[in-house]
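Observations on the three-dimensional arrangement
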Amino acid sequence: MIRVLVAEDQAAVRSGLVLILRSAADIEVVGEAADGEEAVARARELRPDLVLMDVQMPRLDGVSATRQVVAEGLADVLVLTTFDLDEYVFGALRAGAAGFLLKNTEAKDLLAAVRTVARGEGLIAPAVTRRLIAEFAAPATAARGGNAPDPAVLDSLTRREREVLSCIGDGLSNAEIAGRLAMAEATVKTHVSRLLGKLELRSRVQAAVLAQELGV
């Protein structure tokens with residue numbers, strides 16, 4: 001059973017999300033929150049597997065709330081946004097969100113996304129995620145004065161870990177990486193976990209952005 005906390009300030013939207021989630025036999029909505037502060041507090045109290053987090057909320061915005069939830073290891077965070085290139089999305093991913101969804105996502109895609117994140121695979125809808133990474137990697141570099149991350153950060157990775165990182169940058173799931181690199185999916189998961197630790201990253205989406213910025 002996947003335990004989900006829904007954080008959304010618009011009551012009607014929140015109710016709709018809860019209704020969709022509760023239609024799935026393998027998903028349990030354990031709580032709701034109407035703003036960022038409540039989302040963090042409820043996450044501490046309930047320790048859900050995943051927080052479905054709106055990025056634009058009162059008192060504490062979704063980006064800041066995501067940062068707190070991830071930093072404290074309370075749950076994975078799947079952010080909700082109105083626009084696929086919303087200015088808040090990249091901030092949420094940098095804060096450690098496992099992925100993002102548009103609010104107009106079809107019910108079946110919402111359920112699939114929740115299950116994807118629950119499996120530890122943060123890249124949702126690869127085609128959309130590739131676009132997101134491509135759109136935001138360049139601005140992030142520009143914000144640092146035109147300097148890309150130092151390639152030396154990859155020195156700690158093994159050859160295989162670099163290959164896996166490259167696949168993550170292409171928006172591939174663990175199963176797709178396993179097929180491309182001819183290895184077991186469980187082995188892919190191990191490599192992903194190790195490279196995230198070595199690079200001090202909070203999510204594979206952050207790894208994907210880094211891979212794009214460095215041209216891995």
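A quick note: this is a predicted structure, and the numbers were derived from the prediction, not measured.

What follows covers the side chain of E8. Looking at the secondary structure, you find E8 in the loop between β1 (2-7) and α1 (11-22). In this structure E8 comes out as buried when scored by relative accessible area, which is 0%. Among the polar contacts listed, one links the side chain of E8 to the side chain of K103, at a separation of 3.1 Å.

The backbone of R47 shows a phi angle near 50 degrees, a positive value even though the residue is not glycine. With respect to the secondary-structure elements, R47 resides in the loop between α2 (36-46) and β3 (50-54). Residue R47 is classed as partly exposed on the basis of its relative accessible area, which comes to 49%. Positive phi is not limited to glycine here, since R59 has a value of about 65 degrees. Position of R59 relative to the elements: it lies in the loop between β3 and α3 (62-71).

The buried fraction of strand β4 (residues 76-81) is high, at 5 of 6 residues. The pairing of β3 with β4 spans 5 bridges and is parallel. Across the sheet, the residue bridging to V51 is V77, located in β4. Where β4 meets strand β5 (residues 99-102), 4 bridges bridge the pair, whose relative direction is parallel. By the bridge assignment for β5, L80 is matched with L101.

Here the focus is the packing of α1 against helix α5 (residues 107-118). The geometry of α1 relative to α5 is characterised by a closest axis approach of 10 Å and an angle of 70 degrees between their N-to-C directions. The angle between α1 and α5 places the two elements in the roughly perpendicular class. Side by side, α1 and α5 meet where L17, I20 and L21 of the first sit next to A107, L110, L111 and V114 of the second.

Moving on to the layout of surface pockets. Counted as a void, the largest pocket has a volume near 280 Å³. Residue lining of the largest pocket: 20 residues in total, with D76, G120, R202, S203 and R204 positioned closest to the centre. Here the lining of the largest pocket gets 4 residues from one element, more than from any other, and that element is helix α9 (residues 185-199). Of the residues contributing to the lining of the largest pocket, the split by class is 8 nonpolar, 7 polar and 5 charged.

What follows covers α5. Given a rise of 1.5 Å per residue, 12 residues ought to cover 16 Å, and the 17 Å separating the end C-alpha atoms of α5 matches this to within 8%. All of the buried residues along α5 are L110, L111, A113, V114, T116 and V117. Those residues of α5 that are buried are in contact with β1, α1, β2 (27-33), β3, β4 and β5. Taken from the residues just after α5, G120 is the one with a positive phi, measuring 90 degrees.

Sheet architecture is open: 5 strands sit in the order β2-β1-β3-β4-β5, paired in parallel fashion. Here the strands that pair on one side only, and so sit at the sheet edges, are β2 and β5. Averaged over neighbouring strand pairs, the angle between their axes works out to 25 degrees when direction is ignored. Strands in contact with α2 are β1, β2 and β3; relative to β2, the strand with the most contacts, it is inclined by about 135 degrees.

Moving on, we come to the nonpolar core. Core analysis: the largest hydrophobic core is formed by 27 residues, its most contacted members being A7, V51, M53, V69, V77 and V79. Listing elements by their share of this core, those giving two or more residues are β1, β2, α2, β3, α3, β4 and α4 (87-94).

Cut-offs used in this document
- Every chain is numbered independently, its residues counted from 1 as its sequence is written.
- Local features in this predicted model are restricted to residues of pLDDT 70 or higher, and side-chain atom pairs are both shown and tallied only at a pLDDT of 80 or more, whereas totals for entire chains, interfaces and linings draw on every residue.
- Values reported for side chains reflect all heavy atoms of the structure, with hydrogen atoms and water molecules removed beforehand.
- Helix numbering and strand numbering both begin at the N terminus, where a helix is a DSSP run of H or I of at least 4 residues and a strand a DSSP run of E of at least 2.
- Relative accessibility under 20% of the residue-type maximum defines a buried residue, over 50% an exposed one, and the middle range a partly exposed one, all with a 1.4 Å probe and only protein chains included.
- Any pair of nitrogen or oxygen atoms within 3.5 Å is treated as a polar contact; in protein, a donor-acceptor pairing is required on top of that, and neighbouring residues in sequence qualify only through side-chain atoms on both sides.
- Two strands form a pair only when DSSP identifies at least two bridges running between them.
- Under this scheme, a helix contributes an axis fitted over its contacting stretch, all axes are lines through C-alpha atoms, and angles between N-to-C directions fall in the 0 to 180 degree range.
- When an angle is under 35 degrees it counts as roughly parallel; over 145 it counts as roughly antiparallel; between 65 and 115 it counts as roughly perpendicular; any other value is oblique.
- Note on definitions: a residue-residue contact is assigned when non-hydrogen atoms from the two residues lie within 4.5 Å.
- Buriedness of a pocket was judged along seven lines, with at least five required to meet protein on both sides within 12 Å; pockets are open sets of points on a 1 Å grid over the protein atoms alone, cavities are sets where a 1.4 Å probe fits but cannot get out, and lining residues have an atom within 4 Å of a point.
- Grid points are joined across faces, edges and corners, and a volume is the space filled by probe spheres set on the points.
- Note on residue classes: Ala, Val, Leu, Ile, Met, Phe, Trp, Tyr, Cys and Pro are nonpolar, Asp, Glu, Lys and Arg are charged, and everything else, Gly too, is polar.
- Expected span, for any helix, means 1.5 Å times one less than how many residues it has.
- Nine residue types can take part in a nonpolar core, namely buried Ala, Val, Leu, Ile, Met, Phe, Trp, Tyr and Cys, and a core is a set of them joined through side-chain atoms within 4.5 Å.

Everything listed here is a matter of geometry and, on its own, says nothing about what the molecule does.
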